[in-house]
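Structural characterization, general
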Amino acid sequence: NAGVTQTPKFRILKIGQSMTLQCTQDMNHNYMYWYRQDPGMGLKLIYYSVGAGITDKGEVPNGYNVSRSTTEDFPLRLELAAPSQTSVYFCASSYWGGAGDTQYFGPGTRLTVL
Amino acid sequence: AQTVTQSQPEMSVQEAETVTLSCTYDTSESDYYLFWYKQPPSRQMILVIRQEAYKQQNATENRFSVNFQKAAKSFSLKISDSQLGDAAMYFCAFGARNQFYFGTGTSLTVIP
C-alpha cells in the first residue's frame, strides 16, 4: 500500500492564480481530511469528507473548495491564491471516521504564494 | 470553541532518560479524544498515542504513556528511555464531532 499520497510536493504560485492539490489514498478509507500548517503552528482543519459526495467545513475553510467524487481521491482547490495561503498542506484519511479513529497523513505539499 | 495549548516550545532530554511534554486543552464537549502526534524532519505526521476521554485509565504504548487529568484538562506525554529517533516535533491534538484541533507543538531534542 502506498498509503496517502499528495502531489505536488512543492509549488510556487503568483497572487490570483489557482491550483488544485491532489490527494489519493489506497486504504479504502471512508474519511478524508485537509489540513494546513503555518510556520511554528499546529495543523488547522480546512475541510473533511465522510464519503464520496459528502464534504463539510473545518476550522479554516475560506478560500478553498473540495470535492469527493471517489473514495480514493480528495482534491483541494485554491481559487485566487493569496499570500495568506502560504503554508504546508496535509491530507489525511481514516477508516471509520469520528474523532477517535487513527488518521494517516500524507507527506504534505509546501505552497508559497508570492 | 476548542483550544489546545502546548506551553513548551522546546525540550531536550539525554538519551535513555525520561521526558514529559505538557498539554492543556479547553472544551465544553463531553465526548472527545486526545492525541499525541510526532512530526519528524520528513514532515509526515505519525500517531504516537490516543486517549479516550471517557476512559480513566491512562493510555500506554511501549515507551510512551500519558497522564490524563480530565478535571484539570491536562494531557501530558511521558517518553521513557529516550532514543535518538524520538527527536521530532510533538503535537498534542483534540478531536470531537469530526473536528480536530492541534497545539503549536514542542520540539524535542535528544542529546546523545
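Quick look at the structure, then.

Residues and elements named next belong to chain A. Structurally, the position occupied by Ser94 is in strand 9 (residues 87–94). Taking the relative accessible area as the measure of exposure, Ser94 reaches 0% and is therefore buried. Setting aside its immediate chain neighbours within four residues, Ser94 contacts His29, Asn30, Tyr31, Tyr33, Asp101, Thr102 and Gln103.

Quoted interface sizes are often the accessible area lost when the parts come together. With 30 residues of chain A at the contact, the number on the chain B side is 21 residues. It is Leu43(A), Ala99(A) and Phe105(A) that lose the most area in chain A upon contact with chain B, and together they represent 27% of the buried surface on that side. Remark: the boundary between chain A and chain B carries zero salt bridges. Counting residues per element, the ones that place at least two in the side of chain A that touches chain B are strand 4 (31–37), strand 5 (43–51), strand 9 and strand 11 (109–113) of chain A. For the side of chain A that touches chain B, the class distribution of residues is 14 nonpolar, 11 polar and five charged.

The subject of this paragraph is the sheet that holds strand 7 (residues 64–66) of chain A. All names here are of chain A. One open sheet holds the four strands; their spatial order is 1-3-8-7, and the pairing between them is antiparallel. Since the sheet does not close on itself, it has two edges, and those belong to strand 1 (4–7) and strand 7, each with one partner. Across this sheet, the average inter-strand angle for adjacent strands is 20°, counted without regard to direction. Summarising the sheet, strand 3 (residues 19–25) and strand 8 (residues 76–78) pair through three bridges and their orientation is antiparallel. In the sheet register, Leu21 faces strand 8, and the bridge partner there is Leu76.

Procedures and definitions
- Residues numbered from 1 in each chain as written.
- Chains lettered and ligands numbered in written order.
- Predicted model: local features only at pLDDT ≥ 70, side-chain atom pairs only at ≥ 80, totals over all residues.
- Heavy atoms only, no water.
- Helix = DSSP H or I, 4+ residues; strand = E, 2+ residues; numbered from the N terminus.
- Buried < 20%, exposed > 50% of the residue type's maximum accessible area, 1.4 Å probe, protein only.
- Contact = heavy atoms within 4.5 Å.
- Buried area = accessible area lost by both parts, 1.4 Å probe.
- Salt bridge = Lys/Arg side-chain N within 4 Å of Asp/Glu carboxyl O.
- Nonpolar A, V, L, I, M, F, W, Y, C, P; charged D, E, K, R; others polar.
- Pairing = 2+ DSSP bridges.
- Axes fitted to C-alpha atoms, helices over the stretch in contact; angles between N-to-C directions.

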